[in-house]
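# Topology and contacts: notes
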Amino acid sequence: MTQDKFEELKTEADTYWETRSNGNIPLIRIGTAMCGHAAGAYRVADKLKTVLSERSIEANFDEVGCLGLCYAEPLLDIKKPGSPRVFFNNVTADDIDQIIEGYLINNVLPESNVLGYMGEGEVPESADAMENIPGIALQNRIALRNAGHIAPSNALQYIATGGYSGLYKAVTTMEPSEVIDEVKNSGLRGRGGAAFPTGVKWSFLVGSPGPTKYILCNCEEGDPGAYNDKGILESDPHTLLEGLAIAGYATGASNGIVFIRHGHDGPIDRTEAAITEAYENGLLGENIFGSDFSFDIEVALTGESYVAGEETALMEAVEGKRSMPRFRPPFPAAFGVWGKPSNINNVKSLSYAPEIISKGSEWFSAIGVNQSTGTAIVCLSGDVNKPGLYEVSMGMTLGQVVDDLGGGVSGGRELKLLQTGGPLGGVLGPDSRDIHIDFDEMRSAGAIFGSGGIIVGSEDVCAVDLTRVLVAFCQFESCGKCFPCRLGMEHLLEIVERISNFQSKPGDMDLMRSVGGTMEAGSLCGHGQLGFGPIRSAITHFESDFKSHIEENICPTGSCNRPKIVPKNTRPYANDFATGD
Amino acid sequence: MTVENDSLRKQIKEAIASQKRPTVTVLSSLLAIQDSIGYIPNEAIEEVAIAMNASINSVFGVASFYPNFRFTPPGDHSVEVCWGPTCHLLGAGRVLDEVLEQLGLEDEGDTPDGQVSFRFNTCLGACSRGPVISIDHELYGNVTDTQASILLRQLKDNPKTS
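Cut-offs applied
- Residues numbered from 1 in each chain as written.
- Chains lettered and ligands numbered in written order.
- Predicted model: local features only at pLDDT ≥ 70, side-chain atom pairs only at ≥ 80, totals over all residues.
- Heavy atoms only, no water.
- Helix = DSSP H or I, 4+ residues; strand = E, 2+ residues; numbered from the N terminus.
- Rg over C-alpha atoms; globule rule 2.2 N^0.38 Å.
- Contact = heavy atoms within 4.5 Å.
- Areas by Shrake-Rupley, 256 points an atom, 1.4 Å probe, with all protein chains shown as cover.
- Lys, Arg positive; Asp, Glu negative; His and termini not counted.
- Charge placed at Lys NZ, Arg CZ, Asp CG, Glu CD.
- Pairing = 2+ DSSP bridges.
- Axes fitted to C-alpha atoms, helices over the stretch in contact; angles between N-to-C directions.
- Salt bridge = Lys/Arg side-chain N within 4 Å of Asp/Glu carboxyl O.
- Buried < 20%, exposed > 50% of the residue type's maximum accessible area, 1.4 Å probe, protein only.
- Domains from an automatic or database assignment.
- Buried area = accessible area lost by both parts, 1.4 Å probe.
- Polar contact = N/O pair within 3.5 Å; in protein donor to acceptor, adjacent residues only side chain to side chain.
- pLDDT = per-residue confidence, 0-100.
- Parallel < 35°, antiparallel > 145°, perpendicular 65-115°, else oblique.
- Left-handed = near helix turned anticlockwise from the far one by under 90°.
- Nonpolar A, V, L, I, M, F, W, Y, C, P; charged D, E, K, R; others polar.

To continue, consider the overall build of chain A. Across its full length, chain A holds 23 helices and 16 strands. Taking 581 residues into account, the globule formula puts the C-alpha radius of gyration at 25 Å, and chain A, at 25 Å, falls close to it. Overall size of chain A, expressed as C-alpha extent along the three principal axes, is 75 × 65 × 60 Å. Across chain A, contacts joining residues at least 24 apart in sequence account for 71% of those joining residues at least 6 apart. Surface summary for chain A: the accessible area is close to 20600 Å², and the carbon and sulfur share equals 49%. Computing the positive centroid from 46 side-chain charges and the negative centroid from 76, chain A places the two 6 Å apart.

The helix and strand inventory of chain B stands at seven helices and five strands. Listed N to C, the secondary structure of chain B is α-α-α-α-β-α-α-β-β-β-β-α in terms of helices and strands. Along the first, second and third principal axes, the C-alpha atoms of chain B reach 50 × 30 × 25 Å. Partitioning the contacts of chain B with sequence separation of at least 6, the portion at a separation of at least 24 is 61%. With 12 positive and 21 negative side-chain charges, chain B shows a spacing of 7 Å between the two charge centroids.

Glancing now at the sheet that holds strand E9 (residues 342–346) of chain A. Across a sheet, paired strands are connected by hydrogen bonds in the backbone, their directions being either parallel or antiparallel. Residue and element names in this part refer to chain A. Strand order in the open sheet made by the four strands is E8-E7-E6-E9, with parallel pairing throughout. Looking along the sheet, the strands with just one partner apiece sit at the ends: strand E8 (296–302) and E9. Averaged over neighbouring strand pairs, the angle between their axes works out to 25° when direction is ignored. Where strand E7 (residues 255–261) and E8 come together, seven bridges link them in parallel fashion. Looking at the pairing, Gly256 lines up with Ile297 of E8.

On to the pattern of salt bridges. Residue and element names in this part refer to chain A. Applying the stated criterion across every chain yields a total of 37 salt bridges over all chains. The closest approach of N and O atoms between Asp440 and Arg189, which form a salt bridge, is 3.1 Å. Of the two residues, Asp440 sits in helix H17 (residues 439–444) while Arg189 sits in the loop between helix H8 (176–186) and helix H9 (198–206), which places them 251 residues apart along the sequence. Among the residues examined, Asp440 registers a relative accessible area of 33% and is labelled partly exposed. For Arg189, a relative accessible area of 14% corresponds to the buried category. Members of the salt-bridge network, linked through shared partners, are Glu316, Glu319, Lys321 and Arg326.

Parsing chain B into structural domains produces domain 1 (3–65) and domain 2 (77–157). Distance between the C-alpha centres of domain 1 of chain B and domain 2 of chain B: 29 Å.

Let us look at the interface of chain A and chain B. Taken together, the 73 residues of chain A in the interface contact 51 residues of chain B. Carbon and sulfur atoms supply 61% of the area that chain A and chain B bury against each other, a total of about 5200 Å² over both sides. At the boundary of chain A and chain B, one finds four salt bridges. In this structure, Arg119 of chain B engages Glu304 of chain A in a salt bridge whose closest nitrogen and oxygen atoms are separated by 2.9 Å. Across the chain A-chain B interface, the total number found is 19 residue pairs in polar contact (both at pLDDT 80 or more). Elements represented by at least two residues in the side of chain A that touches chain B include exactly helix H2 (34–39), helix H12 (265–280), E8, helix H13 (311–318), strand E12 (375–382), strand E16 (453–458) and helix H18 (463–477) of chain A.

With 97% of its residues at a pLDDT of at least 70, chain A reaches an overall mean of 93. Overall, residues 572–581 of chain A carries pLDDT values under 50, and its contacts beyond four positions in sequence, including any with other chains, amount to 15 contacts.

As a further point, take the side chain of Ser361 of chain A. Topologically, Ser361 of chain A is positioned in helix H15 (residues 361–365). When residues no more than four places from it in sequence are discounted, the contact partners of Ser361 of chain A are Glu182, Asn185, Ser186 and Ile356 of chain A.

This paragraph deals with the packing of helix H1 (residues 3–22) of chain A against helix H7 (residues 165–173) of chain A. Residues and elements named next belong to chain A. Two elements in contact, H1 and H7, have axes whose closest approach is 12 Å; the angle formed by their N-to-C orientations is 165°. It follows that H1 is roughly antiparallel to H7 by the angle criterion. Considering how the two elements wind past one another, H1 and H7 form a crossing that is left-handed. Across the interface between the two elements, Gln3, Phe6 and Glu7 of H1 pack against Ser165, Tyr168 and Thr172 of H7. Class assignment of the residues belonging to the contact of H1 with H7 gives a composition of two nonpolar, three polar and one charged.

Structural data, given as structure tokens:
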């Protein structure tokens, strides 16, 4: 595609989108990201399509991603000509008739389900503006700017909302080194958990010999409690593709691979559909925008393995092997996937790149605090009234996240703990409300921001019980390559289970610290090195919970009195296989 | 070699050959077979080894590593319950108890009548709607033990026809 062609495509996209989103035919959108899916959005969508066709109503319909308000799903909105978008929350298939009959046809809002309106036009009575909802007002959406607004895989809708202009600007007006400087100056740090400066990481790949070099995008995201990578891929995969291509241009890479866990069908299907559309429109492939820059992107799947999210294990899985980490050195920039120079980035980190290039590093670095620039994409779940996928400026306090975004702890209960940063992260106590979302501040508080998961635990949660589940997860997911992690996790689980079963032995707490220390010192990758983290932070903040199990045989919340079902490592053994008959 | 075996091998070869993604590996082939026939029979290990020029040992090594692979034909329906920390806090334990009781199982596995294959899932990805269960890959969020019980009864009353 040449430069002129992109201008033409942009004009075509603008016309198409203006007609669709603001034309004479109503546009109905339903959120069908995983949160919507789990809330029954596909059943609502089916019913909607039936009703529209039975009544011969002319309306456009788009499945969109997540607006952030997961608690309100299924979330449906109708944009009638001359009216703003009107949102209906927690819609069931049974509500569709009323919404279509009442609002779409007769312009009367139903008594329930109305969440608010968004945009210009004649405002229906009794509806409130969406921007008055804290979950919308407090968000500052950059990577998720299009989520919930456009059809995820549709290239024209993405281009009409400013998409691919960052890549266009980079390829047609900037040198690769300028792109890297721009990302460095923005202060963007990797959002996968390690918070390493993204621009610096990209620069490692620049000097590596080509012509084949890989930029890998990590959407393994097996962490329970985190769904923001999947959220981006489901809601706006073109943002990631554009970011990946920008990274490719900046580093001189030839290929991009988006690495997704098998079974996450929404993210996989939408990303692949977006890749197809990008190729069809000449936005990927040979000589992008008529330049010398050519870039290919494909999707690779992993089986279920949390450790496959570790960068060298990820490369093993891309090559089709067991996802076990490699020894380093050599580092990926020298010897990566298929032995070629490679660079691994998280979905979120790459998804900021288009806007950083379009709007400039100064704009981005002005958002956030201290050394944590930009936004945090928070996955808020657990005992909270309004769980969601919220993109907020870095520097917001955890208290604001729980109380303002999340609407407080559910059931009017007291906050007891916050589990942050995924299963290898940490547990914080009720006094953590004043801690800011800032990579360094969270780390010094004994937790990590990690990939953005925040699980809220109320007073009814037993710290020992939660720790047991976290440790069971880490044990289940240990890949088994190095013994400190393989045996250590097993040993830690055994001890935590013992404590939660009121059968602890003298010295168990010290034994856990000793095992944890060995794992930290001797494990090959972060899984083992950080595997003691959840226990350490839990025994720091909730020593009394552990003590009452150990010394008094009492679980303060009663959670540990229930029968416990925790899956053991169920990987089959080689003797299950007998060569064919 | 039996006719049944021949047709199984044919399905396996087709699954390996019809992969659309440009990079084909041992893992991608195994995933394609699992998607196509629902499990990894011994024949699949052999065919992948031939197609990818790998040893049987190394192919089985990959298949046995990832817990999403199974080595026996699956039941007609799949049921998965998430036991991630969010779902656990929100009552996944009660849902698990109910599901196991309904299915007459004590752990992961298949019901004796071959109707349902049940497994735990470490995270179904919809934590904001926990507890989450998946029935035939349809997600159900904010599930209570009662709702899980109703969904499973519907499943029993509605045996798969295909």
